[in-house]
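A structural walkthrough
Below, each chain spelled out in residue letters.
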Amino acid sequence: MNLQPATLLVASLCGYGIGAVAGLLFMRRERLANALSFGVASLSALSGLLAALLFLSSGAGTPAPQFELLPSLIPSIKFTVRLDGLGAFFLLIVSMLGFALSIYSLGYAKGYFGRKNVGALGAFFNALLLATTLMFVADNIWLFLITWELMALTAYCLVSFEHEQPETRDAGVLYFIMSHIDAGCILLGFLLLYQASGDYSFASLHDIGAQMSPGKRDAAFLLFLLGFGIKAGIVPFHIWLPVAHPVAPSNVSALMSGVIIKTGIYGLTRVCFDFLGTPPLWWGVTVLTVGTISAVLGVLYALMEHDLKRLLAYHSIENIGIILMGLGAALIFLHTGHPLLATLGLIAGMYHTINHASFKGLLFLGAGAVLHATHTRNMEEMGGLVKRMPQTAFFFLVGAVAISALPPLNGFVSEWLTYQALLQGFGTTESLIRLIFPLSGAMLALTGALAAACFVKAFGITFLAQPRSEHARHAHEVAPSMRFGMAVLTVACVLLGLFPTAFIRLLDPLTQQLTGQQLSAQVSLADGLVLASLTEKAGTVSTLGIVLMFVCLLPIPFGLWLVFAQNSKTRRGLTWACGQPGLTPQMEYTATGFSKPIRMIFKALFRPRRDVQREYDFSPHFAKKLRFESHVEEVFVRRIYRPLRILILLVSRRIRALQAGSIHAYLLYIFVTLLLLLLFAL
Amino acid sequence: MNLELPAILAQTALLLLLAPLLSGLIKNWKAKLQNRRGSRIWQPYFDLLKFLRKDMVISEHASWVFSVTPYVLFLTALSAGLMVPMVTAQAPMSLFGGALALVGLLALGRFFLALAGLDPASAFGGMGSSREMTISAIAEPAMMLAIFTVAITAGSTNLSQIVLASQGPGWKFLDPSHAMAFAAMFIVLLAETGRIPVDNPATHLELTMIHEAMLLEYSGRYLALIEWGVSIKQLVLMALLANIFFPVGLAADTTTAAFGLGLLFLVMKLIVLAGAVVWVETTNAKLRLFRVPDLLSAAFILATLALVSTFLFR
């Protein structure tokens, strides 16, 4: 049988639909609903994954399959689907993550049996995957906007799934508000584009920016940056992200962080590289600056968290920033007329997008497994889990190494590409603006090092040392399906890390479509073993080579051991506790303590507040009871969002006076409105 | 591909054998400057041998992370060393990674060491991990910016290419941007190798330790591997500093005489650099932990100035 990408794509979309219906139909029989909805979702995702891989590996010359999904009654609104390079790449991301998550959910949803409506969870999960997949391949403004809205609504339902908690309801509402602000901005942006093109199909929008006046083009760019930026969670529009991601069920958190915020990146890439034409300089500079700020602030706030899932949510902001650094650099190079470098920046951004989906998905699944086992998200109550959940710990460690951009895993490769794009950008222009490249690079280094510190904390406090609570002491390894889901993403992290040149070949159709260049041959040296940054001279790296070096050097320590240490013995002993017997978990370092130096160094930003209450008899140094409280509140919440909320409430209270409940007043309003409209019409 | 086996073997041997000597030399000179006689300069070799032969005690709370860390630390330091030009301008493994991979590999070793500090459930280890990760986080931008300065001048992140470009006619001794980048890198070197204004390698008080606090629970052959790995890392960073900023005497061809001369120059440069480190360690007091960021931001500013002056003075 000859499988076509288009067939597989339709199969995948239908599958999600069936999964959603099955979840709703068998709502009363939760075991069946669970198996059916998530089982079908995993098969559909697999089909989507195959479709994306088939299309991307067929090379840049293959025409993009295009077809009408549904017949439409209105002639200008068509439900056209087109699988082009960019769409196929994001289809790959959503399908890869969807596959791992569906299998994981088979086990994870069992935790809700008897408590919650698992059928509804499965149905919304499938619907969200369906909407997102369709959004990535939509070829029409209307279809795009409809799926965008559908995605926002299903995601809202999933975020509010555990709506018994007031915290969850608040988070859901915040997410709802933010996603409608972004939808509004995007709608306006598309209206501006439509004004120039007069057609709703994406094909007619290609390079439409050239026909627009600069003012309108800039306005469209800003609207899209705001709209897609809110979805992606860039600073300062990120506040919904650390609130909404943690309260959702963990499989949904992984989907939100892995894919849903990437829809913002997808939209921005589509609009900037496909629609708006050659950008002015300030677009790229803006995107690069916003990315740098998001990266640094995201990781700094992540360090202050001891809620495991909130910590991961803040890291999503950081990684979105890193992706935008690559894209921003690419926009600048498009302006300066360096298509090869622009392609390098674009590849860096896209590579980091799929990397972030794989390792952040993995980490959220790991956090979900920990939550499942210990019933808490608070890291201060964890510890010692590496012995109780060894496989989960291993998967989480792989994710932690990957997200900290350490070789040889995938995070390192994409950050390496970002560094290369930034460094080579220095030579592209003579103006002072080129200083932005190395300075962004330095901030990327700061981000990477802080991320490493944060994940030493996240892994070390959660999994190592002694358990800090009864829950952690009695934790147990999670179900095999959950471990399998994590294993899939672990393998993805390793493969993306070790075989970058093979992966960049898959990006050829994408770069050919957006910048007209293909780099896979240029960046590959020594039969794909070594990744080069455009030329061999500019810099090379080989993650597989580094692993080979480790393997070849490993005999040295073992040899030393054989020669000198044959007669030495190993025994287990107590940890040094200053000679005192009995080391208790209370003596361990805490997550709050671990990040204290960073909190002190950046205290101008954090403005930490602490309350210490001591009860003592003789001297405060010999306290009987000690109560310590420490808070860090985000500067944006304090300075922007809280005043804004107060203002909105105030204004709406004033406006309420209009709605007095008197029919005479309403008749007057109608009359005045009519008069005004008549005046306007004249 | 130029994977020349003899060059790889030679550089591996050089890294393994020279690193303890450099540590011994610094220790000995420090003692001399403080009017003590000090231990012999080859004492580190005897220490390593003794650690290798000793029995090990592993904390009952420790997990496999604790046991894997010594290998990771040792292998990352050694692999990073193979990417740095030491005797020849062409580093044996420069194809597999340049400056960015080197920083990444050292960070990987540090990541695992910090985890191993937390693993045995002791507060001291956690304290060390926390401080080490903090200091490295604020040292990293300065280090990267200094590396960028030379990388931008050379148009490459490959360390061998950087050295070759510095050797070329464009290289001016004490070019202002190079001088400032060197100063920034020197401060970072002090921080990364746990030297005195930042950390005190000779301290015996757990509360003031940074690096040593993470090693408290190690003994026997694991301790030997870690000590060796740490001294290799020190050698790698010093050789990096010496050869990037003073690329004199590196062997260009494959004659024995050139190799001998290269080795001689390397040893001389290392001796001068070690002397500078000893001088700084003896004439300064250890900074309070929350003063260290000031020092490192000074390094960052120096590196920024270096970068700005690359195109101001061109």
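Residues numbered from 1 in each chain as written. Chains lettered and ligands numbered in written order. Predicted model: local features only at pLDDT ≥ 70, side-chain atom pairs only at ≥ 80, totals over all residues.

For chain B, the helix and strand inventory stands at 11 helices and 1 strand. Counted from the first residue to the last, chain B has its helices and strands arranged as α-α-β-α-α-α-α-α-α-α-α-α. Taken against the 2.2 N^0.38 rule, which gives 20 Å for 314 residues, the C-alpha radius of gyration of chain B at 19 Å falls within 12% of a compact globule. Along the first, second and third principal axes, the C-alpha set of chain B runs to 60 × 45 × 40 Å. Within the span of chain B, comprising 314 residues, buried residues form 62% of the whole. Long-range contacts, defined as pairs at least 24 residues apart, comprise 78% of the intrachain contacts of chain B with a sequence gap of at least 6. (Helix = DSSP H or I, 4+ residues; strand = E, 2+ residues; numbered from the N terminus. Rg over C-alpha atoms; globule rule 2.2 N^0.38 Å. Buried ≥ 20, exposed ≤ 12 C-beta atoms within 10 Å, placed from the backbone. Contact = placed C-beta atoms within 7 Å.)

Secondary structure assignment for chain A yields 29 helices and 8 strands. Relative to the globule expectation of 26 Å for 682 residues, the C-alpha radius of gyration of chain A, 27 Å, shows essentially globular dimensions. Taking the principal axes of its C-alpha atoms as reference, chain A extends roughly 95 × 75 × 60 Å. Residues classed as buried in chain A amount to 56% of the 682 residues present. Considering only contacts within chain A whose residues lie at least 6 apart along the sequence, 78% involve residues at least 24 apart.

When the parts of a complex come together, some accessible area is lost, and that lost area is often used as the size of the interface. Of the residues lining the interface, 72 residues belong to chain B; the matching set on chain A comes to 68 residues. When residues of the side of chain B that touches chain A are traced back to their parent elements, those giving at least two are α2 (43-53), β1 (56-59), α3 (64-82), α4 (99-118), α5 (123-154), α9 (220-245) and α11 (292-312) of chain B. At 18 residues, α5(B) tops the list of elements feeding residues into the side of chain B that touches chain A. Residue classes in the side of chain B that touches chain A are distributed as 44 nonpolar, 19 polar and 9 charged. (Nonpolar A, V, L, I, M, F, W, Y, C, P; charged D, E, K, R; others polar.)

Further remarks concern the pairing of strand β4 (residues 530-533) of chain A. Residues and elements named next belong to chain A. Where burial is concerned, the two faces of β4 agree: the one with V530 and A532 and the one with L531 and S533 are both buried. In this antiparallel pair of consecutive strands, strand β3 (residues 524-525) and β4, the connection spans 4 residues, and A526 shows a positive phi of 50°. Sheet analysis places β4 next to strand β5 (residues 535-541), joined by 3 bridges and oriented antiparallel. Within β5, the residue paired with L531 across the bridge is V541. (Pairing = 2+ DSSP bridges.)

So, on to the domain arrangement of chain A. Residues and elements named next belong to chain A. For chain A, the assigned domains are domain 1 (283-557), domain 2 (595-631) and domain 3 (635-681). The distance between the C-alpha centroids of domain 1 and domain 2 comes to 34 Å. Contacts between domain 1 and domain 2 engage 5 residues on the former and 6 residues on the latter. Secondary structure elements with two or more residues in the side of domain 1 that touches domain 2: α12 (281-303) and α18 (436-463). (Domains from an automatic or database assignment.)

For chain B, mean pLDDT is 90; residues scoring 70 or higher make up 96% of the total. Overall fold confidence (pTM) sits at 0.95, and the ipTM for the predicted complex is 0.96. (pLDDT = per-residue confidence, 0-100.)

In a soluble, globular protein the nonpolar side chains are often hidden away together inside. Within the largest apolar cluster, 361 residues are counted, with the highest numbers of intra-cluster contacts made by A142(B), A184(B) and A303(B). The greatest single-element share of this core, amounting to 20 residues, is contributed by helix α14 (residues 339-374) of chain A. Taken together, domain 1 (283-557) and domain 2 (595-631) of chain A each give at least three residues to this core, which thus spans both. Discounting residues that sit within four places of it in the chain, A184(B) has contacts with A142(B), A146(B), A299(B), L302(B), A303(B) and A306(B). (Core = buried A, V, L, I, M, F, W, Y, C linked by C-beta atoms within 7 Å.)

On to helix α17 (residues 410-425) of chain A, then. In this model α17(A) runs 23 Å from its N-terminal to its C-terminal C-alpha over 16 residues, within 8% of the 22 Å that 1.5 Å per residue would give. Taking burial as the measure, the 16 residues of α17(A) include 16 buried ones, the bulk of the element. (Expected span 1.5 Å × (residues − 1).)

The next subject is the packing of helix α3 (residues 85-108) of chain A against helix α20 (residues 480-498) of chain A. Residues and elements named next belong to chain A. It is the contact of α3 with α20, at a shortest axis distance of 6 Å, that shows an interaxial angle of 160°. Put simply, α3 runs roughly antiparallel to α20. In this structure, α3 meets α20 at a crossing whose hand is left-handed. Of the residues in α20, those touching α3 at M96, F99, A100, L101, I103, Y104, L106, G107 and Y108 are S481, M482, F484, G485, M486, V488, L489 and A492. Here the residues of the contact of α3 with α20 sort into 14 nonpolar, 3 polar and no charged. (Axes fitted to C-alpha atoms, helices over the stretch in contact; angles between N-to-C directions. Parallel < 35°, antiparallel > 145°, perpendicular 65-115°, else oblique. Left-handed = near helix turned anticlockwise from the far one by under 90°.)

Packed helices, taken two at a time, are described by their axes: the angle between them and the distance between them. All names here are of chain A. Between helix α13 (residues 308-336) and α18, whose axes approach to 11 Å, the crossing angle comes to 160°. As far as their axial angle goes, α18 and α13 are roughly antiparallel. Our pair here, α13 against α18, has a crossing hand that is left-handed. For the pair formed by α13 and α18, the contact residues are L308, L311, H315, E318, I322 and M325 on the first element and S440, L444, T447, A451, C454, A458 and T462 on the second.

A few words now on the sheet that holds β5(A). Strand order in the open sheet formed by 3 strands is β3-β4-β5 (chain A), with antiparallel pairing between adjacent strands. Pairing within the sheet leaves two strands with one partner each, and these edge strands are β3 and β5 of chain A.

Right, let's get into helix α29 (residues 663-681) of chain A. Every α-helix carries 3.6 residues per turn, so stepping three or four residues along brings you back to the same face. The end-to-end C-alpha distance of α29(A), which contains 19 residues, comes to 27 Å, matching closely the 27 Å that a straight helix rising 1.5 Å per residue would cover. α29(A) sits mainly on the outside: 0 of its 19 residues count as buried.

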